[in-house]
Amino acid sequence: MFEIPSVHPFNFAQLGYAIIDSEQLDQWLVFGRDAIGLHAEYLSEDTLSFRIDRHARRFLIQKGKAEDFTCLGFQIQDESSLKTILGILKKKKIEVRKGNGIEADLRGVGSFWQFSGPKGLKIEIFTDPILTNTPLTMLSEGFVTEEFGMGHVALVSKQPEKLVEFWMEIFGARISDFIEQKMSGVTLDITFLRMNPRHHSVAIAATRGLRMDPISKKIQHLNIEAKNLEDMTQAYHRCKQLGFEIAHGIGQHPNDQELSFYVITPSGFEFEVGWNPISVSESHWKQNTYKQISAWGHQPEISTKLSRWNEFRRGFFSLFRSEYVPF
Ligand SMILES: [Fe+2]
């Protein structure tokens, strides 16, 4: 495995918001509000928003054909850290665009800067989220955010070393640990990166040897953390009752020890609802390599022959597809 020394200051970034393009806003409303239990509001006919805390925006589902993530927003703690990041981007010759006022309003931030990140995903950085005291109407009691950010994302990449370098150089991320998982004769290497006390804000998965990317989406899954165990288990039952496919039933990861399940969103990528992961104490942390992705559970509930075949096909064709990396 690889280790790149982090020379940057740490703990100045956290996952802030996600923007998804989908043609299925009505299905997303049922998914987010009625299955997962989020606060939902239509900002316009073409834009659905979900809140999970005081941040005016955490998820934006915009009418569009991609059925995928288009932007990920990262909250940066102060102007000086923002300047540092903009300086690094300039040095790396990465083109940065300042968002306009209408775009910033939509995202619930005062201002933001955008650039092309891994796999062509737009990465946005901001320091000034708009907070609201408007009460949340949610089926869940609450989600863990604050200094931990809104959750984590996982990406599959054919160039994992470069993606790890990207998150370390731009966001000062540190490697928490690694998982090596053998499945159907292929070894998957996963690197978990933290930017704050959350065990990981980003995970990068890659096939060992011949690099393939069988995932047709820019992000394989996004995770949010329920405050209560019951909120997670009830969300699991609601997802099933409402007919959303469960990719993996409830189980526990060995590294961050989070209990979670994975459900397929209306756009086809996975959404993980978790509970009670450990947080990282910088002075005591010891980096480990784990040999399995789940300590128990996480049984596939939709492992049909057809979905395996589709993954194989996508993996094969990904060998001939180039993958955008910023540097
Ligand atoms: Fe996850």
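Given the structure is predicted, the values throughout are model-derived calculations rather than measurements. (Residues numbered from 1 in each chain as written. Predicted model: local features only at pLDDT ≥ 70, side-chain atom pairs only at ≥ 80, totals over all residues. Heavy atoms only, no water.)

**Q** I would appreciate a short explanation of the nonpolar core in the present structure.
**A** The nonpolar side chains of soluble globular proteins are, as a tendency, buried together. Among the nonpolar cores identified, the biggest contains 67 residues, and F59, L72, F74, W167 and F171 are the most heavily contacted of them. Sorting elements by how many residues they give to this core places helix 4 (residues 160-171) first, with seven residues. Excluding residues that lie within four positions of it along the chain, L72 makes contacts with L15, Y17, A18, L121, K122, I123, E124, V153 and I219. Residues A154, I179, F192 and A203 belong to the second largest nonpolar core, which totals nine residues. (Core = buried A, V, L, I, M, F, W, Y, C linked by side-chain atoms within 4.5 Å. Buried < 20%, exposed > 50% of the residue type's maximum accessible area, 1.4 Å probe, protein only. Helix = DSSP H or I, 4+ residues; strand = E, 2+ residues; numbered from the N terminus. Contact = heavy atoms within 4.5 Å.)

**Q** How should the side chain of Q14 be read in this particular structure?
**A** Mapped onto the fold, Q14 is located in strand 1 (residues 13-22). Of note is the side chain of Q14, whose polar atom sits 3.5 Å from the backbone oxygen of E146. Aside from chain neighbours lying at most four places away, what touches Q14 is G73, F74, Q75, E146, E147, F148, G149 and N196. (Polar contact = N/O pair within 3.5 Å; in protein donor to acceptor, adjacent residues only side chain to side chain.)

**Q** Help me understand the packing of helix 1 (residues 25-36) against helix 5 (residues 229-241) in this model?
**A** Describing two packed helices takes the angle between their axes plus the distance from one axis to the other. For the pair helix 1 and helix 5, the least separation of the axes is 8 Å and the interaxial angle reads 135°. By the angle between their directions, the pair helix 1 and helix 5 is classed as oblique. Two secondary-structure elements touch here, helix 1 through D34, A35 and I36 and helix 5 through A235, R238 and C239. When its residues are assigned to classes, the contact of helix 1 with helix 5 shows four nonpolar, no polar and two charged. (Axes fitted to C-alpha atoms, helices over the stretch in contact; angles between N-to-C directions. Parallel < 35°, antiparallel > 145°, perpendicular 65-115°, else oblique. Nonpolar A, V, L, I, M, F, W, Y, C, P; charged D, E, K, R; others polar.)

**Q** Looking at this structure, how should I read the environment of L242?
**A** If you trace the backbone, L242 turns up in the loop between helix 5 and strand 14 (246-252). Residue classification places L242 among the partly exposed positions, given a relative accessible area of 41%. Separated by 212 residues in sequence, L242 and V30 have C-alpha atoms that sit 8.3 Å apart. For L242, the contacting residues outside a window of four places in its chain are V30, D34 and A35.

**Q** I'm lost on the UniProt feature "domain: VOC" (unreviewed entry) in the protein in this one. Help?
**A** UniProt's feature table lists "domain: VOC" (unreviewed entry) at residues 149-276, given in the numbering used throughout. Counting secondary structure, residues 149-276 comes out at 20% helix and 43% strand; the distance between its end C-alpha atoms is 15 Å. (UniProt positions renumbered as here; feature names shortened; annotations may be inferred.)

**Q** How do you make sense of the sheet that holds strand 15 (residues 259-264) when you look at a structure like this?
**A** Strand pairing within a sheet occurs via backbone hydrogen bonds; the two strands may be parallel or antiparallel. The 10 strands are arranged 17-10-11-12-9-13-16-15-14-18 in an open sheet whose pairing can be described as mixed. The strands lining the two open edges of the sheet, one partner per strand, are strand 17 (289-290) and strand 18 (296-297). Across four bridges, strand 14 lies against strand 15 in antiparallel orientation. Residue pairing across strands places H248 opposite Y262, the latter belonging to strand 15. Each of strand 9 (152-156), strand 10 (174-183), strand 11 (186-194) and strand 12 (202-207) is contacted by helix 4, which is oriented at about 165° to strand 12, the strand it contacts most. (Pairing = 2+ DSSP bridges.)

**Q** Help me out: how do you make sense of the pattern of salt bridges in this one?
**A** Any two side chains of opposite charge can pair if their charged atoms end up close together. For the structure shown, the criterion picks out 15 salt bridges. For R211, the salt bridge is made with E161, and the minimal N-O distance between the two is 3.2 Å. Separated by 50 residues along the polypeptide, R211 in the loop between strand 12 and strand 13 (221-226) and E161 in helix 4 bring together distant segments of the chain. We classify R211 as partly exposed; its relative accessible area is 27%. With relative accessibility at 33%, the residue E161 sits in the partly exposed group. The partner of E282 in a salt bridge is R174, and the shortest N-O contact between them spans 2.8 Å. Of this pair, E282 sits in the loop between strand 16 (270-275) and strand 17 while R174 sits in strand 10, and the two are 108 residues apart along the sequence. A residue is classified by how much of its surface remains accessible, and E282, at 33% relative accessible area, is partly exposed. Owing to a relative accessible area of 28%, R174 belongs among the partly exposed residues under this scheme. Shared partners join several salt bridges into a network, and the residues in it are E180, D189, R208 and K291. (Salt bridge = Lys/Arg side-chain N within 4 Å of Asp/Glu carboxyl O.)

**Q** Looking at this structure, how should I read the side chain of E67?
**A** With respect to the secondary-structure elements, E67 resides in the loop between strand 4 (59-63) and strand 5 (68-76). K217 provides the closest opposite charge to the buried, salt-bridge-free E67, at an N-O distance of 6.1 Å. A distance of 2.8 Å separates polar atoms of two side chains, one belonging to E67 and the other to S22. Residue contacts for E67: discarding those within four places in its chain leaves D21, S22, E23, Q24, K217, P266, S267 and F269. (Lys, Arg positive; Asp, Glu negative; His and termini not counted.)

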